[in-house]
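Working through the structure, step by step
As a plain string of letters, each chain reads:
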Amino acid sequence: MTNKYMYFIANWKMFGNLRTLNSLDSVIKFSNSSKKNKFKIIYCPPNTLIRPLSKRLKKTKLLVGAQNCHHNENYGAFTGSVNAKMLKDVGAKYIILGHSENRQSGETDKLINLKIKSAIKAGLKIILCIGETLNEKRKNKTNQVLAKQIKNCLKSINKKSDIVIAYEPVWSIGTGLIPKLDNLSKSISFIKNKFGKKSPKILYGGSVNGNNIAQLKDINSLDGFLVGGASQNSKKFIDIIKKTFN
Ligand code: PEP
């Protein structure tokens, strides 16, 4: 059982439409009725749903975030793209950056660094995803990869108070696999140590569900969870939150 303040980020990826938003009524009801438990729920839907969702969540404790942005902080001729200030304008408060699904399609640490800077300028809080691939894990390169991603993605960013780190081993996303708890604790400590005394909140993401949360919640150094697949089902998402505090 934890007494800590916990974050629960729902990453809807490229799922959801206007009708899907009705399913959030049960999460709103749950969050209103949970007086004892201290948590922050942040929904990160596709861009098309940020405006309607932020309107719907206006008088609730739930917050809205985006899943990515263009690195350019200004308006410009970038067909199909949306920048951080446009996301802020329609109600986003947070933004997921550096997700491995975007890194896999060519996003580099350097580009993520530019995106973080533009998002901070726009007034968004950052959820920075870092994590090793299966190949890197097999080669015992996890710490090396984490250190490099932290260093490069956060280069020249002094104000780290608006940043939350989500440790997401790439091989655990959408696979049903989670790290051995021992290894996960070590990786979280490694990340914390990289920041020294001013460590940001550190979340875990990768196949979190109603079954494995019972083990994951026992890692005291964690400040919450980034949930992909299971967050698209309100019942499953509520179950994860409830079990975190059991
Ligand atoms: C994610 O998309 O960041 C994620 C953690 O997905 P899943 O929970 O489905 O593994």
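These notes cover the structure that comes with them. (Residues numbered from 1 in each chain as written. Predicted model: local features only at pLDDT ≥ 70, side-chain atom pairs only at ≥ 80, totals over all residues. Heavy atoms only, no water.)

**Some words on the site of the ligand**
- Neighbouring the ligand are 14 residues; Lys13, His99, Glu168, Gly174 and Ser207 lie closest to it.
- Interatomic distance of 2.8 Å between a side-chain N/O atom of His99 and an oxygen atom of the ligand.
- One of the backbone nitrogen or oxygen atoms of Gly229 is found 2.8 Å away from an oxygen atom of the ligand.
- Computed on the free molecule, the ligand has an accessible area of 290 Å², of which 95% lies beneath the protein chains in the complex. (Near = heavy atom within 4 Å. Polar contact = N/O pair within 3.5 Å; in protein donor to acceptor, adjacent residues only side chain to side chain. Areas by Shrake-Rupley, 256 points an atom, 1.4 Å probe, with all protein chains shown as cover.)

**Section: the sheet that holds strand S6 (residues 163-167)**
- The eight strands are arranged S1-S2-S3-S4-S5-S6-S7-S8 in a closed barrel whose pairing can be described as parallel. Mean inter-strand twist for the sheet, computed between neighbouring axes without regard to direction, equals 25°.
- By the bridge criterion, four bridges tie strand S4 (residues 94-97) to strand S5 (residues 125-130) in an arrangement that is parallel. Across the sheet, residue Ile96 finds its bridge partner in S5, namely Ile127.
- Packed onto the sheet, helix H10 (residues 234-244) meets strand S1 (6-11), strand S2 (39-44) and strand S8 (224-227) and runs at close to 165° relative to S1. (Pairing = 2+ DSSP bridges. Helix = DSSP H or I, 4+ residues; strand = E, 2+ residues; numbered from the N terminus. Axes fitted to C-alpha atoms, helices over the stretch in contact; angles between N-to-C directions. Contact = heavy atoms within 4.5 Å.)

**Section: the state of the cysteines**
- What the rule picks out here adds up to zero disulfides.
- Take Cys69: it sits in no disulfide, and the sulfur closest to it among the cysteines is that of Cys44, at 12 Å.
- You can call Cys69 buried: its relative accessible area is 6%.
- Looking at Cys153, it has no disulfide partner, and the nearest cysteine sulfur is the one in Cys129, 9.9 Å off. (Disulfide = S-S within 2.5 Å. Buried < 20%, exposed > 50% of the residue type's maximum accessible area, 1.4 Å probe, protein only.)

**Here we look at the nonpolar core**
- Counting residues in each nonpolar core, the largest one holds 60 residues, and the members touching the most others are Tyr43, Ile116 and Phe225.
- Discounting chain neighbours no more than four positions away, the residues touching Tyr43 are Ala10, Trp12, Leu24, Val27, Leu53, Leu62, Leu63, Val64, Gly65, Ser231 and Phe237.
- With twelve residues, the next largest nonpolar core counts Tyr7, Ile96, Cys129 and Leu226 among its residues. (Core = buried A, V, L, I, M, F, W, Y, C linked by side-chain atoms within 4.5 Å.)

**Overview of unusual backbone geometry**
- A positive phi angle is found at Lys13, which is not glycine, with a value near 50°.
- Structurally, the position occupied by Lys13 is in the loop between S1 and helix H1 (25-33).
- With a phi angle near 60°, Ser156 is a residue other than glycine that sits in the positive phi range.
- Looking at where Ser156 falls in the secondary structure, it is placed in the loop between helix H7 (142-153) and S6.
- When its relative accessible area of 59% is taken as the criterion, Ser156 is described as exposed.

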